[in-house]
Amino acid sequence: MIYNFTRTILMDALSKLGVDNVQIILEKPKNSDFGDLSTNIAMQLAKQLKKAPRLIAQDLIDNLNIDNNFVQKVEIAGAGFINFWFSPFFFQKMLSDISIASENYGKQTIGNGQKVLVEYVSANPTGMLHIGHGRNGVIGDTLANLYDFLGYDVTREYYFNNAGNQMRNLAKSVYVRYRQLTDAPDFEMPEDGYFAEYIIEIAKKYIVENGTEFIEQNDKNLQKFQKFAEIINFENIKKTLIDLNIHQDTYFNENHLYESGKIQALLDKLKVKDLIYEKEDALWLRLSALGLENDRVAVKSTGEPTYRLPDIAYHIEKFERGYDKIVDIFGSDHIATIPDVIAVVKALGYDTDRIDVVIHQFITLTENGQQVKMSKRSGKSYTLDELIEEVGADVVRFFLLMRGVNTHLEFDLNLAKEQSDKNPVFYLQYAHARICSIFEKIEKGNIQVKFSNNLSGINESVEFELIKKLAEFPYIIQDATKNAEPHILSDYLRELASIFHNFYHNCRIIGEEALIMSGRLALATATKNIIANGLNILGISSPEKM
RNA sequence: GGUUCCGUAGCUCAGUAGGAUAGAGCACAAGUUUCCUAAACUUGGGGCCACAGGUUCGAAUCCUGUCGGGACCGCCA
């Protein structure tokens, strides 16, 4: 509100000076000596107008149509900043608007019902999810929540491949474990097999359900083991996702692309466009014609396609399903392959600007200051299940979301396990619980509260600080979504909680005179709603008691 | 060797449409409770923003290079 208000009066003044089409940057000064809001527009225009910034600033102020009910003071400072101070009445009005919107404050319609597909997790059913999948899933799920909050029509998709090499490997590994448990203790695991403990569990389960009769190693039998393992793995994965409060609407099987003929259709199209050619019995994508470094194999000499072909077909499929926006969440291990896929999809005539690829970096787990190695081969990797079990879903989600997606985040197990004030999750949740307890006290103590629209009881600077922070919420949501950075929201909530705790410490609610009490209750209610909404978007619970 | 991410306080990290004195949490030190939850609040010390150049009124932020760490560079996905 202060942003729109200030932008409007500035634009008005600018047009009086004959300046149009400039973007006005408004920011909250770090130092409160510089007012409630600040703009550097005069400095921005210095070059264009060939005039000293401070003189431009003065011209602007002279032309500002200032309503003294809203604006207390405007000053020029430093090299040419224009600083605004707002009136208590304005802050009261802001709080009033926030209160009227109630739980819907911050919800927006800018998405306008546009269809967004967010794809995340997308782990193949070869085993348990690990912490890397967790980061992927939690980022995707939170972005989906954000889009939803902004009024987009969101579909959450999980893409998987239950065929191919990795799955055959899995089948073989389970089969070997089965043989080891039945007739052949010395049967050797394939070199690139899955060595993790759960493979043995699957084999044991197979025995429980099917007995221990001798099973010959052949394709048909391996198929049976594969299907068996796949079903168990998917059950486990889905359970883990639910435990972490990650939701998916649709599961898309890569195989569908083959069965429906989409892969063949893609190959045909590529041939027509001369983007594919044969060399050494394989089919190669002519990526060099699309501005990329090297051509890559699309179909191996064995006749099997590489992952590139279905990836391209899948993106086309997404376009054809009519999505306005396509969001992919990938780990940094995919970073090299994405340009290939995008380039081909673009060459086939699709508007790839609608694709937003979010790449997150890897995680390092530390315990007692030591890095916990995560190795797939040895099977010693920490599973998501174990992590959730140990520290709880709220903590896992928050820790995975509290850093920029582009940082190599360090997951400190000791800190995560800490059930104390050191753990940043509880700081937020505690603010929520504190507010709830005020209302509980009022209810139980039969305290009379007269709610009124008159917020003139709000006059302390801590209260204004809190209102300013509350008013940022809608912009924070937009920012976090646009930049695909959930941590923008978690950082904001932490700051909000901090200002609230400060307010709580300085301003009593119960027992104050009616006007002050009702005003502060409105403030507490608004804070509670925003924390609850924010935590909900992050997929974290808002406890009423702690 | 190439591509890419990162390098900011003792530790973990914000800040990168160029702007005012570079911030937060933790750790460390000192304080706050007859009063709505002390899982809280207040105050303090702590910095060659990896390094070197460049662009300009102004650079942690943009450009070039160097160094250090992660990821990727396959007829694996």
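Above this text sits the structure in question.
Worth saying up front: this structure is predicted, and the values here are computed from it rather than measured.

J.: Help me get a handle on the overall build of chain A, residues and values and all.
T.: Along the backbone of chain A there are 19 helices and 15 strands. By its C-alpha atoms, chain A is 85 × 65 × 40 Å across when sized along the principal axes. When the 546 residues of chain A are sorted by exposure, 51% land in the buried category. Counted over contacts in chain A with a minimum sequence separation of 6, partners at least 24 positions apart contribute 72%. Averaging the locations of the 59 positively and 74 negatively charged side chains of chain A gives two centres separated by 2 Å.

J.: Tell me about the pattern of salt bridges, and name the residues and values.
T.: The tally for this structure, following the rule as stated, stands at 31 salt bridges. A salt bridge links Glu157 to Arg321; its shortest N-O distance comes to 2.7 Å. Residue Glu157 is found in strand β6 (residues 153-160), and its partner Arg321 is found in the loop between α11 (308-320) and β11 (325-331); the two are separated by 164 residues along the sequence. Between Glu440 and Lys444 there is a salt bridge, with the nearest N and O atoms lying 2.8 Å from each other. Of this pair, Glu440 and Lys444 both sit in helix α16 (residues 424-444), four residues apart, roughly one helical turn. Given the relative accessible area of 68%, Lys444 is considered exposed.

J.: Break down the packing of aromatic side chains for me, with residues and values.
T.: Using the criterion set out here, one finds 29 aromatic pairs in the structure. Relative to Tyr152, the ring of Tyr147 lies with its centre 5.0 Å away and its plane at 90 degrees, an arrangement referred to as edge-to-face. Given the relative accessible area of 5%, Tyr147 is considered buried. A residue is classified by how much of its surface remains accessible, and Tyr152, at 14% relative accessible area, is buried. Directly above the aromatic system of Phe234 lies the positively charged group of Lys238, at a separation of 5.4 Å from the ring centroid.

J.: Describe the sheet that holds strand β13 (residues 363-367), with residues and values.
T.: Within the open sheet, the three strands sit side by side as β14-β13-β15. Their pairing is mixed. Taken across any chain shown, the strands that pair with only one partner, and hence form the sheet edges, are β14 (370-372) and β15 (409-412). The sheet shows a mean angle of 40 degrees between the axes of neighbouring strands, direction not considered. As judged from the three bridges shared by β13 and β14, these two strands associate in the antiparallel manner. Across the sheet, the residue bridging to Leu365 is Val372, located in β14.

J.: Could you give an account of helix α4 (residues 88-101), naming the residues involved and the relevant values?
T.: Helix length check: α4 (14 residues) gives 20 Å between terminal C-alpha atoms against 20 Å at 1.5 Å per residue, within 8%. Among the residues making up α4, those that are buried are Phe90, Phe91, Gln92, Met94, Leu95 and Ile98. Looking at the buried residues of α4, the elements they touch are α1 (2-16), β4 (81-86), α17 (461-482) and α19 (514-538). Looking one or two residues past α4, Ser102 carries a phi angle of roughly 55 degrees, positive in sign.

J.: Hey, could you go over the environment of Pro88 for me, with residue numbers and the actual values?
T.: Its place among the elements puts Pro88 in helix α4. Between the C-alpha atom of Pro88 and that of Asn459, which follows or precedes it by 371 residues, the distance is 6.4 Å. Those residues within four positions of Pro88 in sequence are excluded, and the remaining contacts are Gln72, Asn459 and Phe464.

J.: How would you explain the pairing of β4 if you had to name every residue and give the values?
T.: With five of its six residues buried, β4 lies for the most part within the structure. In terms of strand pairing, strand β2 (residues 37-39) meets β4 through three bridges, oriented antiparallel. If you follow Leu37 over to β4, its bridge partner there is Phe84. Inspection of the sheet shows strand β3 (residues 71-77) paired to β4 by six bridges, in the antiparallel sense. The partner of Lys73 across the bridge, within β4, is Trp85. Counted along the chain from β3 to the antiparallel partner β4, the turn is three residues long, and its residue Gly78 has a positive phi close to 55 degrees.

J.: Please give an account of the protein's contact with RNA strand B that cites residues and values.
T.: Neighbouring RNA strand B are 62 residues; Phe81, Lys300, Tyr430, Ser437 and Arg508 lie closest to it. Among all atoms of RNA strand B positioned within 4 Å of the protein, those belonging to sugar or phosphate total 61%. Measuring from a base nitrogen of RNA strand B, one finds a side-chain N or O atom of Gln361 at 3.4 Å. Within the contact set of RNA strand B, a base oxygen lies 3.1 Å away from a side-chain nitrogen or oxygen of His408. Looking at the surface near RNA strand B, the elements that each hand over two or more residues are β4, β9 (282-285), β10 (296-299), β15, α16 and α18 (486-506). With eight residues, α16 is the largest single contributor of residues to the surface near RNA strand B. Residue classes in the surface near RNA strand B are distributed as 23 nonpolar, 23 polar and 16 charged.

J.: If you had to explain the sheet that holds strand β1 (residues 26-27) to someone new, which residues and values would you point to?
T.: Strand order in the open sheet formed by four strands is β1-β2-β4-β3, and the pairing between neighbours is antiparallel. Pairing within the sheet leaves two strands with one partner each, and these edge strands are β1 and β3. By the bridge criterion, two bridges tie β1 to β2 in an arrangement that is antiparallel. Counterpart to Glu27 in the pairing with β2 is Ser38. Across the face of the sheet, helix α3 (residues 53-63) comes into contact with β3 and β4 while running at roughly 160 degrees to β3.

Calculation rules
- Residues numbered from 1 in each chain as written.
- Chains lettered and ligands numbered in written order.
- Predicted model: local features only at pLDDT ≥ 70, side-chain atom pairs only at ≥ 80, totals over all residues.
- Heavy atoms only, no water.
- Helix = DSSP H or I, 4+ residues; strand = E, 2+ residues; numbered from the N terminus.
- Buried < 20%, exposed > 50% of the residue type's maximum accessible area, 1.4 Å probe, protein only.
- Contact = heavy atoms within 4.5 Å.
- Lys, Arg positive; Asp, Glu negative; His and termini not counted.
- Charge placed at Lys NZ, Arg CZ, Asp CG, Glu CD.
- Salt bridge = Lys/Arg side-chain N within 4 Å of Asp/Glu carboxyl O.
- Phe/Tyr/Trp six-rings, centres within 6.5 Å; stacked < 30°, edge-to-face > 60°.
- Lys NZ or Arg CZ within 6 Å of the ring centre and 35° of its normal.
- Pairing = 2+ DSSP bridges.
- Axes fitted to C-alpha atoms, helices over the stretch in contact; angles between N-to-C directions.
- Expected span 1.5 Å × (residues − 1).
- Near = heavy atom within 4 Å.
- Polar contact = N/O pair within 3.5 Å; in protein donor to acceptor, adjacent residues only side chain to side chain.
- Nonpolar A, V, L, I, M, F, W, Y, C, P; charged D, E, K, R; others polar.

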